[in-house]
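# Summary of structural features
Residues per chain, in single letters:
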Amino acid sequence: FELSGSRDLASEIDRFVRVNKLEDRCEKILRDLDPRKAKEVMGLSGGNNTFELSGDVRDPTAVVLARVRKAREGGARGGGRRGGRRRSPDR
């Protein structure tokens, strides 16, 4: 039963959003992520990401959304929704 674990994650997301001044839509996306991917995005799983965005970041939400995209793609190796064949246009 991981109620306390999810509560800890929720408070980490709160802190991550506040520290990095993220938009509400970004917060919602983080909360909807798989917990492992959320930790990866926030730099809590030992990867390359840092908890506090460093440097001169003009759009922190864009940076975090790019991290989310990378985390999702990393977990979907081998087959993606974007692959597939293109249909030729009707003539």
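For the structure given in this document, a descriptive report is provided here. (Residues numbered from 1 in each chain as written. Predicted model: local features only at pLDDT ≥ 70, side-chain atom pairs only at ≥ 80, totals over all residues. Heavy atoms only, no water.)

## Comments concerning the packing of aromatic side chains
According to the stated counting rule, one finds one aromatic pair in the structure shown. For the pair F16 and F51, a centre-to-centre distance of 5.2 Å together with 65° between the ring planes defines the contact as edge-to-face. Pair noted here: F16 is in helix α1 (residues 3-20) and F51 is in the loop between α3 (35-41) and α4 (60-75), with a separation of 35 residues, a long-range link. F51 gets classed as buried once you look at its relative accessible area, which sits at 14%. (Phe/Tyr/Trp six-rings, centres within 6.5 Å; stacked < 30°, edge-to-face > 60°. Helix = DSSP H or I, 4+ residues; strand = E, 2+ residues; numbered from the N terminus. Buried < 20%, exposed > 50% of the residue type's maximum accessible area, 1.4 Å probe, protein only.)

## Looking at the side chain of R67
Looking at the secondary structure, you find R67 in helix α4. It turns out R67 is buried and unbridged, and the closest side chain with the opposite charge, E40, is 9.2 Å from it. Not counting the four nearest positions on each side in its chain, R67 is found in contact with F16, V41, M42, N49, T50 and L53. (Lys, Arg positive; Asp, Glu negative; His and termini not counted. Salt bridge = Lys/Arg side-chain N within 4 Å of Asp/Glu carboxyl O. Contact = heavy atoms within 4.5 Å.)

## Concerning the pattern of salt bridges
Side chains that differ in charge, positive against negative, can pair when their charged atoms come close. Scanning the model with the defined rule gives six salt bridges in all. The salt bridge partner of R31 is D14, with a shortest N-O separation of 2.2 Å. Taken together, the positions of R31 in helix α2 (residues 24-32) and D14 in helix α1 put the pair 17 residues apart, joining distant regions of the chain. In this structure R31 comes out as partly exposed when scored by relative accessible area, which is 36%. Among the salt bridges present, the one from R25 reaches E23, with a minimum N-O distance of 2.8 Å. A residue is classified by how much of its surface remains accessible, and R25, at 48% relative accessible area, is partly exposed. Look at the salt bridges and you will find they share partners, linking D14, E27 and R31 into a network.

## Describing the environment of K28
On the secondary structure map, K28 appears in helix α2. When its relative accessible area of 52% is taken as the criterion, K28 is described as exposed. A C-alpha to C-alpha distance of 9.8 Å links K28 and I13, two positions 15 residues apart in sequence. Here D32 takes part through its side chain, which lies 2.7 Å from a polar atom of the side chain of K28. (Polar contact = N/O pair within 3.5 Å; in protein donor to acceptor, adjacent residues only side chain to side chain.)

In short, shape yes, function no, at least from these values alone.
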